[in-house]
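Here are the chains, one letter per residue:
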There are 2 protein chains.
Amino acid sequence: MSKTSERRKKQREELLTVAESMIAAKGLAGLKTRDLAQRIGVANGAVYNLVEDVDELVLRVGSRTLARLDAAVTAVEAAGDASPVDKLSRIALAYCDFAAENTGLWRALFEHRMQPGKDVPEWSIAEQKELFQHIHGPLVALFPKRSAVELDVLARSLFSAVHGIVALGLEQKFVAVPLDVLRREIARIVRAVVNGIVLEEKAEA
Amino acid sequence: MSKTSERRKKQREELLTVAESMIAAKGLAGLKTRDLAQRIGVANGAVYNLVEDVDELVLRVGSRTLARLDAAVTAVEAAGDASPVDKLSRIALAYCDFAAENTGLWRALFEHRMQPGKDVPEWSIAEQKELFQHIHGPLVALFPKRSAVELDVLARSLFSAVHGIVALGLEQKFVAVPLDVLRREIARIVRAVVNGIVLEEKAEA
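What counts as what
Residues numbered from 1 in each chain as written. Chains lettered and ligands numbered in written order. Predicted model: local features only at pLDDT ≥ 70, side-chain atom pairs only at ≥ 80, totals over all residues. Heavy atoms only, no water. Contact = heavy atoms within 4.5 Å. Buried area = accessible area lost by both parts, 1.4 Å probe. Salt bridge = Lys/Arg side-chain N within 4 Å of Asp/Glu carboxyl O. Polar contact = N/O pair within 3.5 Å; in protein donor to acceptor, adjacent residues only side chain to side chain. Helix = DSSP H or I, 4+ residues; strand = E, 2+ residues; numbered from the N terminus. Nonpolar A, V, L, I, M, F, W, Y, C, P; charged D, E, K, R; others polar. Least-squares fit on C-alpha atoms with pLDDT ≥ 70 in both. Phe/Tyr/Trp six-rings, centres within 6.5 Å; stacked < 30°, edge-to-face > 60°. Buried < 20%, exposed > 50% of the residue type's maximum accessible area, 1.4 Å probe, protein only. Lys NZ or Arg CZ within 6 Å of the ring centre and 35° of its normal.

Visitor: I'd like a description of the interface of chain A and chain B, backed by residues and values.
Guide: Contact residues are listed per partner, giving 39 residues for chain A and 38 residues for chain B. A buried area of about 3,600 Å², summed over both sides, lies between chain A and chain B, and 63% of it is on carbon and sulfur atoms. For the pair chain A and chain B, the number of links is two salt bridges. Measuring nitrogen to oxygen at the nearest pair gives 2.8 Å for the salt bridge that ties Glu111 of chain A to Arg113 of chain B. Here chain A is connected to chain B by four residue pairs in polar contact (both at pLDDT 80 or more). Among the secondary structure elements, those contributing two or more residues to the side of chain A that touches chain B are α6 (103–111), α7 (122–142), α8 (148–171) and α9 (179–204) of chain A. The residue makeup of the side of chain A that touches chain B, split by class, is 20 nonpolar, eight polar and 11 charged.

Right, dumping it as structure tokens:
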């Protein structure tokens with residue numbers, strides 16, 4: 001690698017680290033190009049030599065957030081003796097805890113919208129899909145007869161339901177609940193959804 | 001009422017109507033005081049003679065949105081012969097349809113945050129709580145032995161879960177699903193949660 005591209009790479013990492021700390025502190029609205037440029041010691045215009053635009057900057061920071069979330073979820077999966085329902089429950093609680101500890105960065109994942117006319121790039125969509133892999137394992141164990149497409153839809157519904165409980169719970173919006181109640185509710189709803197679907201399958205059989 | 005206060009009231013209604021159409025079209029970010037003032041024909045400063053500040057403006061528009069959502073949910077409740085689970089399902093679907101048809105205004109209910117140091121006023125919290133009344137009826141019928149507090153928590157979890165599925169589904173974020181699949185999933189998850197909890201109660205008894 002040439003010295004120039006090494007330097008560029010280092011600056012880019014620095015840019016992402018600064019952007020990450022800004023989003024963590026003040027959300028997406030706290031991300032200002034001028035402050036970014038100043039903090040990494042480049043001219044305003046030079047920021048967009050390092051990343052294409054604000055969208056890429058936010059998505060690259062999101063990439064780091066997703067990687068840490070993935071690690072947090074992987075850590076709770078390690079307990080291999082849990083039943084599939086317990087695994088889903090642990091994953092959901094790990095998600096809740098991660099969101100509680102990284103609220104600004106976690107919110108940014110969902111609040112960011114691409115500039116008009118631009119699509120989310122494939123690499124970012126692929127990263128988001130990766131997350132669902134964690135839910136897939138336990139669901140396959142629970143519902144071995146279901147097709148991959150059916151399990152996809154179910155994984156997404158389950159994730160979205162847990163996400164909704166976490167999101168409204170943490171925002172203290174419409175739903176003001178302390179974290180321990182929130183965690184208990186999440187475990188309960190995950191269990192209820194799974195048992196409810198198992199019951200339905202038996203009734204259909 | 002004096003002519004001045006009548007005129008003021010009319011202007012205030014006009015302000016809310018214009019703000020509503022701006023939020024509907026472009027979200028909270030589309031709300032600009034200068035444009036508002038121009039559209040209702042007053043000086044920029046005069047806007048905040050009609051409402052206290054941007055927070056009040058957004059909350060008053062939210063008030064209208066909540067009233068329309070309430071009416072939409074009330075309309076599907078009218079079918080008196082449905083079982084409690086069917087009622088919950090219909091309410092959830094009415095919520096989904098409302099969100100799909102009023103995406104900008106519905107999003108604003110959740111994205112709006114008060115300026116630092118300010119709390120959401122009591123009148124607005126009371127309006128938000130009103131919505132949960134719809135879910136309470138069927139839940140009392142399903143779980144007559146549970147305390148009001150327990151049902152409160154359950155109502156909120158159920159609402160949040162459905163909200164999450166609707167929110168991620170409509171945003172086409174993480175979860176890209178067509179509306180008919182989304183509606184089917186919502187009905188299924190509501191049914192599963194309720195049946196799962198009924199099952200748990202039986203196991204505990």
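So much for the structure itself; the text now carries on.
Visitor: Which residues make up the relation of the copies chain A and chain B, and what are the values?
Guide: Mapping between the two chain copies consists of a rotation about an axis together with a translation along that axis. Placing chain A over chain B gives an RMSD of 0.0 Å and needs a rotation angle of 180 degrees, together with 0.0 Å of translation along the axis. On this basis, the relationship between the two copies can be described by a two-fold rotation axis. When the interface residues of chain A are mapped onto chain B, 97% of them again lie at the interface, so the same face is used by both copies.

Visitor: Can you explain the environment of Val190 of chain A? Please cite residues and give values.
Guide: All names here are of chain A. Among the structural elements, Val190 can be located in helix α9. For the pair Val190 and Ala79, spaced 111 residues apart in the sequence, the C-alpha separation amounts to 18 Å. Leave out the neighbours within four places in its chain, and Val190 touches Leu88, Ser89, Ala92 and Val162.

Visitor: Please give an account of the packing of aromatic side chains that cites residues and values.
Guide: What the rule picks out here adds up to eight aromatic pairs over all chains. When the ring of Trp106 of chain B is compared with that of Phe110 of chain B, the centres are 6.1 Å apart and the planes differ by 65 degrees; the resulting orientation is edge-to-face. In this pair, Trp106 of chain B and Phe110 of chain B are both assigned in helix α6 (residues 103–111), four residues apart and thus about one turn of the helix distant. Grouping residues by exposure puts Trp106 of chain B and Phe110 of chain B together as buried. Residues Phe132 of chain B and Phe159 of chain B carry aromatic rings whose centres are separated by 5.3 Å and whose planes lie at 80 degrees to one another, so their mutual orientation is edge-to-face. Of this pair, Phe132 of chain B sits in helix α7 (residues 122–142) while Phe159 of chain B sits in helix α8 (residues 148–171); the two residues are 27 residues apart in sequence, bridging distant segments of the chain. In this structure Phe132 of chain B comes out as buried when scored by relative accessible area, which is 5%. Among the aromatic side chains, those forming a connected cluster through ring pairs are Tyr95, Trp106, Phe110, Phe132 and Phe159 of chain A. Sitting above the plane of the Phe132 of chain A ring, Arg156 of chain A keeps its charged end 5.4 Å from the centroid. The ring of Phe143 of chain B carries the charged tip of Arg146 of chain B above its face, separated from the ring centre by 5.3 Å.

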